[in-house]
Structures are given as C-alpha cells and as structure tokens.
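# Fold and contact review
One letter stands for each residue in the lines below.
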Protein chains: 2
Amino acid sequence: MADKSLNRDTSALDPTPWDHRWGFRDTKLFVHPDQSVEMTGSRYNLCGYRMPYLIPFINRELDVTIDFATPRPLTAEPHVTPATRNEAFLTALTAALESDQFTDDDRERLLHSHGQTTTEEVSRVLYENLDRCVDLVVWPESDEDCQAVVSLADEHGVCLIPYGGGTNVSSALLVPPAETRMVVSVDMRRMDRILSVDRTNLTATVQAGITGSHLEDLLERNGLTCGHEPDSVELSTLGGWIATNASGMKKNRYGNIEDLVENVTLVTPGGVIEQRYSSPRQSPGVQLQKALFGSEGNLGLITRAVIHVHPLPEIKKYGSVIFRDWPTGVAFMEALNRTGARPASIRLVDNLQFRLGQSLKPAPSGAKVLKSRAEQVLVTKVKRFEPRTMVAATIVYEGTSAEVALQEKVVAATARRFGGLQGGAGNGERGYMLTYAIAYLRDFLADYYIIGETYETTVPWDRIHDVCDAVQRVANAEHRRLGFPGRPFTSPRITQLYHSGVCIYFTHGLYHHGMEGGDEKFAEMERNIRAAIMDAGGSISHHHGVGKLRRSFVDRVATPETVAAVKSLKQAVDPKNVFAVGNNIFAG
Amino acid sequence: MADKSLNRDTSALDPTPWDHRWGFRDTKLFVHPDQSVEMTGSRYNLCGYRMPYLIPFINRELDVTIDFATPRPLTAEPHVTPATRNEAFLTALTAALESDQFTDDDRERLLHSHGQTTTEEVSRVLYENLDRCVDLVVWPESDEDCQAVVSLADEHGVCLIPYGGGTNVSSALLVPPAETRMVVSVDMRRMDRILSVDRTNLTATVQAGITGSHLEDLLERNGLTCGHEPDSVELSTLGGWIATNASGMKKNRYGNIEDLVENVTLVTPGGVIEQRYSSPRQSPGVQLQKALFGSEGNLGLITRAVIHVHPLPEIKKYGSVIFRDWPTGVAFMEALNRTGARPASIRLVDNLQFRLGQSLKPAPSGAKVLKSRAEQVLVTKVKRFEPRTMVAATIVYEGTSAEVALQEKVVAATARRFGGLQGGAGNGERGYMLTYAIAYLRDFLADYYIIGETYETTVPWDRIHDVCDAVQRVANAEHRRLGFPGRPFTSPRITQLYHSGVCIYFTHGLYHHGMEGGDEKFAEMERNIRAAIMDAGGSISHHHGVGKLRRSFVDRVATPETVAAVKSLKQAVDPKNVFAVGNNIFAG
C-alpha cells in the first residue's frame, strides 16, 4: 500500500535543471574581473566565496592562458530538426493521455534529444547543432500510461526512447540519425512516487522516474535511506540506474544497483517482464531480471522497482589520509581491501586531482593563515611529503558506532604501514563535495574552450599502473599529434574497491582555443584512450555503460554467440524494434 | 598459466561415492543389536562411536517403533531401460574421443540417470525402477572434447544431459521419459583442474567438473580458499553450483555462487557463451552471463569459470548461542542482521533439530557424566530454559582477528538482549558437522521405511512464522489425510540471512511401513507443502532450483512474457533442443 506521507517535497532549493548543461539553475560558476571564480547559490559548500587559485592552477597545469575576453559563441538559434509526425499515433495518444502529458514544443524536443557526453552531446547542442531531435516528448504518470504508450508505438510504427535524468554520458540518448519513424522521448520523471515502504523487510516499491535526491529526501524524512549515491545522484533516476548498471559511491555498505534492487518491472511491446515473487536471493531458474541491468533502453521502459532501504546509519563521518605518492596510495588501497574493513566509501585521488581540490579553497585570512601554513609545514617539512607527489584517500564512514570504530582503527593501522598521515574530516568531505561540483566546472570552462570528460573502467589490481600509464601516455601523444595547444590534464582516482580489482575514474581536460574541430579531435582521442585502457587490461566500462560512444569496442568483450543470444532476447520482447535507441550491440 | 603444483590429490580417505545413495563408501550408518547406531570410518566427527539416543529419539518423535527386522527390500536386479543407439553419432564419437571416455555399461548408465531427490529418484532407483535411463555416459576431458560432443549431438540428433556431482535434489537429472532420441549423460568430473591462479587479483580459472572438496583441498595447499560451502560441498561441482544457483553456508563472507564467479564458459550448439573480459563488476550492456546462474542444464555445458579465491582466514572458530524458544531466536537473528556484524555463517535450528543433534551424542562416561549433568542443570534450572522449547544458533567465524573479535562482541551483546546463553564452540561445530551427516541418516533410515526430505525457501522477515506454521500445519494435515502412521518430523532451520529476509531449510520425515505407495503419497504431500510455503510468502526455491520437481509452480513466479523471452534465448543457443533435459520452464 502506498504510504502517502512519504510523498512530500519541501526542498528549499531551486530544483529546475539547466537547459542542456549539467545541474540546477541555482548553481553556476562565474569569473570575477580579478579572475577569481565563484559558485552561485548555496547548494554546495563550494558556493558563495571567491576561489583565487583555480584559474592560475588551470593555466599552469594546461600550460595555456585562458582567454576570458572571447568566450566560445553559443549557437544563437538552436536548430531543431523538423518533426516527423505519425498522425494515427498522435490521434490515439491524444485519446489515451491528458493534453499536458505530451508536447512537440521545440525547446522540450531539444532538451530530450541528448545526454551529458561532452563532445558528442553537450558541445553539439550548445555550440553547434544536433543531427536529429526527438519528435515528441511524452510524460507518462502511471504503469498504465506506459503500457498505453508502448502499445500504441508498437501498433503505429513509432520509435520510443526512455528518458530519465538526462545525465547519461555514453551518448545513449542520441537519436539514431537514420531513424525514419517518428521518435518519441518518454520522460519518466512524473513517475516519481514511493508506492510503498515495508519497514519490517526494509524494502520499498518505487516508481522508476524518481531522482536520487528526491528518493533520499523522501526516505530520510522517515528515518530511512537507500544509500545509492552515483555522482549524478541529484539528477539521475532509479530507472536510469538500472538501465546503465549504475554504481554508488557507498557501494561497500549499500551495494551497487544490481545488489540493492530486488525486482524490476519492464514494459515491453511483448508484455510486462517482472518477477511475480521478488526476494534478495532465490533460485527460480534463469533470472531474466539480471539481464535488465545495463539494457540501456534497448528493451523497454523500466517503470518501477523494489529496492532495499536501511535505517539511517547511527554514525556518518568523513575522513582522509595523505600518502607520499600514488604507488603508495594504491598499495594502501589494496592492503585495506584485504582487511575486509571497508568504509562505506573510500577513494584515492592522484596528486593532480588533490591539487585541483586545494585550488578550490578560498584565500586564507587571519588565524586561518597561520593554521594553513602550520598544516603545510607539518605535511611538507616534518613528514617530508612532496606537494607535487602526495595523494589523498577520502573516506565516508557509515554504520553502527562499533562498525565505524573498527573501520577507523583498521584504516589508521593500515595507513601507518604505508606512512600515511591522517588528513582530517574536512579534507574528506571536500573531496566528496568536489564530486558534485566537477560537472559545473566542466560547463563553466567549456565556454572558454576547455573540453573536459571522464573515463571510467574496471581494472584488476595488477593492472592499475599499466592502465594509468597508458592513459597518460596516449593522452599526451594524441594531444601532440592532433595539435592541441598546451598540455592535457589527466588525473585518475580510484573510486571503488572490489575483490579482484578497482574502478578507476579518469578526468581529462584540454584547451582548444584557436583550433578547428576541437570537439571532433577530442572525440577521436577519447576513442584512442579507451582502446589503450582496454589494451592495458581495463574494462569497456565500469558503470557509465556502452551506449553509442563505445560501440566500436563491443566485439572486444562479447563473443558473436553472446551478441546473437542477446539479439534473440530483444526480438522476443520487441519484435518491431520500437525501442530503437540503438545502444551497445544494437548501435549502428 | 596453469599452476601445476595445485593439482595434487593426496586425500587419505576413500573418495569413491556410493552407488545411488549419498556420500562416500567409507561412511555409512548401521544399527547394533542394542539399537545404538554407529557411523563407519573416520570422515566425520560423528564416526566411530555408538549413539544410543538416536533410535529412541526417532521412535518417540515419529510416534512409531521402527521395525529393524524387516528392512525395505532393495530392487534385486535394477532394470536399466534398453539403450537407444544413434549409430552415426557413436561412430563419430569413437573417432573424436578415446575409448575410455564413453561407455554404455548398464551400471554407469543407471548411476547417471538420477540425482538425490528422495522419492522421485533415490527411492525409485533403490527400491523400484527408473522410467528412463541415459543411453550412454561420456567423460570429456577438455573444452575441445565438450565442443566436439555438443557439435556431434547437434549434428546427429542426440540429447545431452550435463552431469556434475549427481547431488541435485530437484529431479533435474531425470531423463524425460518422452525423449525418443539417444540420451547421453555428459559427466564433467574428469575436468577437475585448476587451470591458473592469479595471486595478485585473487582469482582462479577452474574447470567446471571439480568437486568442492577437491577444489578446497587444492587451494588450501596453496594457502587459499574459495569459501563456497553448500551442504553438498564434498560431492557437488563448480558447474553444478552455477547451473543451480547454489548458496554457500559462509556466504556472508564469501558470497553466494553468483557473487564469487566472474566468468562462465558455456558450450552450446550455437557456440561458446562467455565474456572476453571478466571482472568483479562492469557495465558492458546486457550481461547474458547473469542469466546462466540457474540455467539447470537447459542451455549447454558449463566447462569452466573464473572464481574468487581468498587467503586462508587468520581466524576460524565456531560458536553457539542458546535461546529460550524459536520466536526469541528468530528475533535475535533479525536484530543481529541489522547490526551488520554477520559472522561467515550463522544458523538457527529449532528445538526439534536441536534435540536431534543432542541425540547423536555418545553416552557420557566418567567426568563427562558430571559435566553433562552440570551443563543441563545450568541451562534448565538456573537459566530456566525448557528442554522442549530451547533453540540454538550455530556460528562459524572467519576473518582477521579484529573482524572476528567485533563479530563475537556484537553477537554476544545482541544475544544478551534476547536472553541468549553462550553454548560454546563444540555445540557450534557439531551443528555444522550434522549438516554433512544428515543425508547419510536419510539413506540409513530409508531402508527401514522412513522417508526424509528437505525443502528450502527464501522468506521475508515478516513471513518467517507464517511459513513455518504453514509447513507444520500442512505436514500434519496431509499426514493424517494420506494415512501415514505415527506423526511427521518437521523442523526448520534458518540458514542464511539477507537484507530483506532469510533462507529457511525444512527437514521433513515420516514412517511408511505397512503402507502402499508411501513414496508417491509423500511426493504428493511435498507438492502441497511447497504450495503452502508459497501461499505463506516463501519463494519457489532458495538454492535447490526448480528442476522437474517444482515445475508446477513456475507460473506463480514468472510472467508468460518472461517465459517467452527465456525460451527465445534457448532457441538462439540450442535451436535443435540438444539440451532437452527439460527443467524449470522447459519441463513437460
């Protein structure tokens, strides 16, 4: 039964997302005449003060001088491709839905025609134009609406593209240009209710269009949490998490998406795929459900899921540890993983990213000057850490006081073995907040001809350095070969620990002012970096998925027999290819 | 690369399995003239002493007097159904394999024509006859052998049934009687090598025919463990674990089979299904691999897998806690689960099973008499525990000393909240050893007209009592309705903890001397008990699978659309239905 009290939303912040760019309208970075940078609003702890060190840091690291006088010109009148209309479908849809549940408004069509991949999507829509836009946007409000839309699309020969938070970064939301049918974006975000909470068994049945922040807000008011925190948690949706096989920062405690979802309801042209009995674990034969994680919109609409919820943890605290250099930090992470005492989240950032974090601080004043200097002396003089090699692990502890106490003890003991220095909770918290702010930084810098992108991959323990070296090497070589000015910013962080390896998340940026075709060249470089990652032992993706961006690497991971079997599955649930979004093995 | 040093086997015990019955030839129970019972050999800590209390306990609990004078007559000359021969296939097979790799010997055919389901398989083969036997047994020794066998079967119209340890208890190994083609059992147990061990990433590539005991033996010599311990671990195989979606006793530490396998190689008529890149976690699109867990022989031959291995734990110890009664024990389990400090294994046995365990003890002598009496006084007088209601949780701790210390502390603190009394390591260890011995007890008692079977199910926390009550109620009512003598033995234990519920494992036994059709009536009762379990909120299976035994319940768990999609998958990999073993949704 629906627990109506859960469905309040009294967020004090402006929840309106930006058009095309990442995040919310209350938040943006801007540059002052003195080239200090400020973040508007009050959403993050980076907001509301001047950051004097950021631009000097970027100029120095990229070996360029950003030209703030001539920002990259935005496309004045974005071209929205002419709408293909399927009149029979539109007539039937008008009968099935309310009039405010669909629109062919150009702005909405453009908003729903891309995700957040930098060069293939955001750059295109901001500074150039998209090749193909969706022709209609639909907002279903119930499972019945979803079934009606899917059924009508199947009947009338229409293509559907599921749309969640719009945060996809594998070009999965791009419309295949060759699609000749009417293309409809199905925006799931009105299906954002918690339908029921089971407080004894600690599960909740939730509509798939709920965003992570809304979900956590509703649960928290009831003393609960889901605990799934991908970097996109403020905007991305439950359905999107399942479709991309998302990973959460705190997976050591709460699991990744496949661990915390007990049942998925998928509406396909062939009918509803779901389990009639859901449980944390069973043996009912082939579990088709497991194949829905990572389906990337190719099979149907995910409308709801049964998820795990937890009482809010007794303790939540941050921590950080500083190490001499990257190899020492990596060795610490491996040793800690073997202890079994894994904090909810532990991440290792390299020296460059560590210094990027430091560059976001305000100028110290008064007593803070002394404290800041004293800290610096301790770290660099007493402990002999080199500012240009030291790295940091940032930690989130959650759990009972006994659990957290044990984890802190083991982290401290393990850190000591590797000469680590406790860096305090503040540095830890800043590290996590940076996660949320980094995409705003990308969008701010994009206007000044800086392209930023991230690459994530799963890497066995013994390939970590090979993969990191490969990314660095290829990024440098490609930078020269393609004639970009200055030098690239490439920086890894280890974001997840697993039994046999880790997730590495690379941040890559460069300046392309004065060049022709910077975006296309960057995209070419990105493909070559991905090839190098895989050559060195990394996976095609840890959690972003394949989409269209990485389609050329599919044959490196799947045998032809596997591809054929998955295609047969698609054929069974969607014989007319209504869900022709064309991601992964279905990419053209 | 293969680590050859791993492939020694110097087991001091007789590894020969019994024909048709459970376990090894060095171990059996027999009754002395004074009706004390003894277990032969030295394999278990129950071996080599007289158990004077067992038969009185059984007689009392079943309210019967076992007649040891007239054991149930074994089938004198088991009927092996005439072999269907496909000469073209046999000619081709002779060319492809060595002559010692296949046989149509009647004994081998019979051995490979059943698993360990009590009434449908073991009773049939021991006391009656099977409806249909396999026509040939093949022992592949390599992936190439497997591909050859599958390819020839596909070409010549032969049916293949994969065979691992033969311990299946869902009638999955039974040959569909309507199969008119030649039926070949593919015994995987010669494929029992560890092909490579990766000590840095802590994985191993292992052939699927290795038994659990052999795997652990080889790993242990190298300071490693896989840690997967289903109750059948001595006999069952890696491939069988994957095919049934097996669960291990120590899953809190090592995970269930789906958690510890990173890659599965499945040889199908349509080709090889495997991942070209395996990792603990990735996002490569639809992961067909995940659908292989629970495939129950319907899709192909599992030939190898990449699994997790771990350094041997620093600490391994047993523990136990006694509680006043079952509801108190269940409440303790739920509270402990929420602490997050879950020992590698923790199980709760009800009072009846607790007393069954006690009935396996020797008669105390000398100082032990006093100790035993003192313990009894402490438990029953001082703590006022009723011998007829008290229950026990048995625990295996594994891990670092810090991990185990925390778990012990949390277990003790939580137990105190529920009035629990520490029962010592000995009781804990006995509980786990009983697990291995219980199937020998079934086979011993079967000869004296006692049928024993187990039912496992996943149950949400709030349905535990409903499900237990339903099993008790239906077992009692059916017992009377079907006219069995005495009364049934029905006893639950909670064997696994999960976020939203538990696995309950029921042991059910009864006496059927002097009745007609005891096995068939028991089977009818078993179906009605399963229906009652599911009506009360339990799953179709926690880890035994569906096989043929539970086929009538498939429509309670899978939508027709799900069934259709899985059938399309089968069609893609095995269009001629070579793997016509007919389990689960493919059952006739």
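Residues numbered from 1 in each chain as written. Chains lettered and ligands numbered in written order. Predicted model: local features only at pLDDT ≥ 70, side-chain atom pairs only at ≥ 80, totals over all residues. Heavy atoms only, no water.

### Some thoughts on the overall build of chain A
Along chain A, the regular secondary structure elements total 17 helices and 21 strands. Within chain A, contacts between residues at least 6 apart in sequence are counted, and of these 77% link residues at least 24 apart. For chain A, the computed accessible surface area is about 21200 Å², with 52% contributed by carbon and sulfur atoms. (Helix = DSSP H or I, 4+ residues; strand = E, 2+ residues; numbered from the N terminus. Contact = heavy atoms within 4.5 Å. Areas by Shrake-Rupley, 256 points an atom, 1.4 Å probe, with all protein chains shown as cover.)

### With respect to the relation of the copies chain B and chain A
Structural alignment of chain B on chain A gives an RMSD of 0.0 Å, achieved by rotating through 180° and translating 0.0 Å along the axis. The superposition operator between the copies reduces to a two-fold rotation axis. (Least-squares fit on C-alpha atoms with pLDDT ≥ 70 in both.)

### Remarks on the packing of helix H10 (residues 326–339) of chain B against helix H15 (residues 464–482) of chain B
All names here are of chain B. As a packed pair, H10 and H15 sit with axes 11 Å apart at the nearest point and diverge in direction by 140°. Along this stretch, H10 crosses H15, giving a crossing that reads as right-handed. Residues Trp-326, Pro-327 and Val-330 of H10 form the contact with H15, whose participating residues are Ile-464, His-465 and Cys-468. Classifying every residue of the contact of H10 with H15 gives 5 nonpolar, 1 polar and no charged. (Axes fitted to C-alpha atoms, helices over the stretch in contact; angles between N-to-C directions. Left-handed = near helix turned anticlockwise from the far one by under 90°. Nonpolar A, V, L, I, M, F, W, Y, C, P; charged D, E, K, R; others polar.)

### Let's talk about the confidence of the model for chain A
Residues and elements named next belong to chain A. Counting all residues, the mean pLDDT for chain A is 94, and 97% of those residues have values of 70 or more. For the stretch residues 1–10, pLDDT sits under 50, and the model shows 22 contacts to residues farther than four places along the chain or on other chains. Across the interfaces of the predicted complex, the ipTM metric reaches 0.95, alongside a pTM of 0.96. (pLDDT = per-residue confidence, 0-100.)

### Describing the packing of aromatic side chains
Residue and element names in this part refer to chain A. Taken as a whole and judged by the stated rule, the model has 13 aromatic pairs over all chains. Taken together, a centroid distance of 6.0 Å and an interplanar angle of 45° make the contact between Tyr-318 and Tyr-432 tilted. Placement of Tyr-318 in strand E15 (residues 315–323) and of Tyr-432 in helix H14 (residues 424–446) is noted, with a sequence separation of 114 residues between them. Side by side, Tyr-318 and Tyr-432 carry an identical accessibility label, which is buried. (Phe/Tyr/Trp six-rings, centres within 6.5 Å; stacked < 30°, edge-to-face > 60°. Buried < 20%, exposed > 50% of the residue type's maximum accessible area, 1.4 Å probe, protein only.)

### Some points on the interface of chain B and chain A
Between chain B and chain A, the residue contacts involve 85 residues of the former and 85 residues of the latter. Its salt-bridge partner being B:Glu258, residue A:Arg281 comes within 2.7 Å of it at the nearest N-O pair. For the pair chain B and chain A, the number of links is 49 residue pairs in polar contact (both at pLDDT 80 or more). At the level of secondary structure, the elements contributing two or more residues to the side of chain B that touches chain A comprise helix H9 (257–260), strand E12 (271–273), strand E14 (310–311), H10, helix H13 (401–417), strand E19 (450–460), helix H17 (554–557) and helix H18 (560–573) of chain B. The element that contributes the greatest number of residues to the side of chain B that touches chain A is H18(B), accounting for 10 residues. Taken together, the residues of the side of chain B that touches chain A break down into 32 nonpolar, 38 polar and 15 charged. (Salt bridge = Lys/Arg side-chain N within 4 Å of Asp/Glu carboxyl O. Polar contact = N/O pair within 3.5 Å; in protein donor to acceptor, adjacent residues only side chain to side chain.)

### Some remarks on helix H4 (residues 118–127) of chain B
Residues and elements named next belong to chain B. Of all the 10 residues making up H4, 9 are buried; the element is thus mostly covered by neighbouring parts of the structure. Residues of H4 that are buried: Thr-118, Thr-119, Glu-121, Val-122, Ser-123, Arg-124, Val-125, Leu-126 and Tyr-127. For H4, the elements touching its buried residues are helix H3 (106–111), helix H14 (424–446), E19 and helix H16 (518–535).

### Concerning helix H13 (residues 401–417) of chain A
Residue and element names in this part refer to chain A. The terminal C-alpha atoms of H13 lie 24 Å apart, and with 17 residues this matches the ideal 24 Å at 1.5 Å per residue to within 8%. Listing the buried residues of H13 in full gives Glu-403, Val-404, Leu-406, Gln-407, Val-410, Val-411, Ala-412, Thr-414 and Ala-415. Following H13 by one or two positions, Gly-419 has its phi on the positive side, about 65°. (Expected span 1.5 Å × (residues − 1).)

### Details of the pairing of strand E8 (residues 194–198) of chain B
Residues in a regular strand project their side chains so that they alternate between the two faces of the sheet. Residues and elements named next belong to chain B. Most of E8 sits out of view: 4 of its 5 residues are buried. Bridge count for E8 against strand E9 (residues 203–207) is 4 bridges, and the pairing is antiparallel. Pairing of Ile-194 across the sheet is with Val-206, part of E9. Between E8 and E9, which pair antiparallel and follow one another directly, the connecting turn spans 4 residues, one of which, Leu-202, has a positive phi of 55°. (Pairing = 2+ DSSP bridges.)

### Section: the packing of helix H1 (residues 54–62) of chain B against helix H11 (residues 351–358) of chain B
All names here are of chain B. The interhelical angle for the contact between H1 and H11, taken along N-to-C directions, is 155°, at an axis separation of 9 Å. For the element pair H1 / H11, the angle class is roughly antiparallel. Mapping the contact onto sequence places Leu-54, Phe-57 and Glu-61 in H1 and Leu-352, Arg-355 and Leu-356 in H11. For the contact of H1 with H11, the class distribution of residues is 4 nonpolar, no polar and 2 charged. (Parallel < 35°, antiparallel > 145°, perpendicular 65-115°, else oblique.)

### Points about the sheet that holds strand E6 (residues 159–163) of chain B
Residues and elements named next belong to chain B. As summarised here, the arrangement of the 4 strands in space is E4-E5-E7-E6, forming an open sheet in which the pairing is mixed. Across the chains shown, the open sheet's two edge strands, defined by having one partner strand only, are strand E4 (102–103) and E6. Summarising the sheet, E4 and strand E5 (residues 136–138) pair through 2 bridges and their orientation is antiparallel. Bridge pairing links Thr-103 to Val-137 in E5.

### Observations concerning the sheet that holds strand E6 (residues 159–163) of chain A
All names here are of chain A. Ordered by their spatial adjacency, 4 strands build an open sheet running E4-E5-E7-E6, and the pairing between neighbours is mixed. Of all strands in the sheet, those bounded by a partner on one side alone are strand E4 (102–103) and E6. As paired elements, E6 and strand E7 (residues 183–187) share 5 bridges and run parallel to each other. In the strand pairing of E7, Ile-161 is matched with Ser-185. The sheet strands contacting helix H2 (residues 87–96) are E4, strand E5 (136–138) and E7, and the helix crosses E5 at an angle near 25°.

### A look at unusual backbone geometry
Unusually for a residue other than glycine, A:Tyr449 sits at a positive phi of about 65°. Mapped onto the elements, A:Tyr449 comes out in the loop between H14 and strand E19 (450–460). A relative accessible area of 16% means that A:Tyr449 is categorised as buried. Although it is not a glycine, B:Asp63 adopts a positive phi angle of roughly 55°.

### What about the pattern of salt bridges?
Residues and elements named next belong to chain A. Enumeration according to the criterion identifies 74 salt bridges over all chains in this entry. The partner of Glu-87 in a salt bridge is Arg-85, with the nearest N and O atoms 2.8 Å apart. Each of Arg-72, Arg-124, Glu-128, Asp-131 and Asp-519 takes part in salt bridges that share partners, so that together they form one network.

### Topic: the environment of B:Val175
Residue and element names in this part refer to chain B. With respect to the secondary-structure elements, Val-175 resides in the loop between E6 and strand E7 (183–187). Measuring from C-alpha to C-alpha, the distance between Val-175 and Phe-444 comes to 26 Å, with 269 residues separating the pair along the chain. Excluding anything up to four places from it in sequence, Val-175 contacts Arg-132, Cys-133, Val-134, Ile-161 and Val-183.

### Remarks on the nonpolar core
Side chains of nonpolar character tend, in soluble globular proteins, to be buried together. Membership of the largest hydrophobic core comes to 177 residues, with the highest contact counts inside it found for A:Ile307 and B:Ile307. A per-element tally of this core places H14(B) first, with 10 residues. Once residues within four sequence positions are removed from consideration, B:Ile307 is found in contact with B:Leu202, B:Thr203, B:Ala204, B:Val206, B:Leu215, B:Cys226, B:Leu238, B:Leu260 and B:Val261. With 90 residues, the next largest nonpolar core counts A:Val411, A:Val471, B:Trp326 and B:Tyr455 among its residues. (Core = buried A, V, L, I, M, F, W, Y, C linked by side-chain atoms within 4.5 Å.)

### Remarks on the environment of A:Gly517
All names here are of chain A. Inspection of the secondary structure puts Gly-517 in the loop between strand E21 (501–511) and helix H16 (518–535). A relative accessible area of 30% places Gly-517 in the partly exposed class. Sequence spacing of Gly-517 and Asn-577 is 60 residues, and the spatial spacing of their C-alpha atoms is 34 Å.

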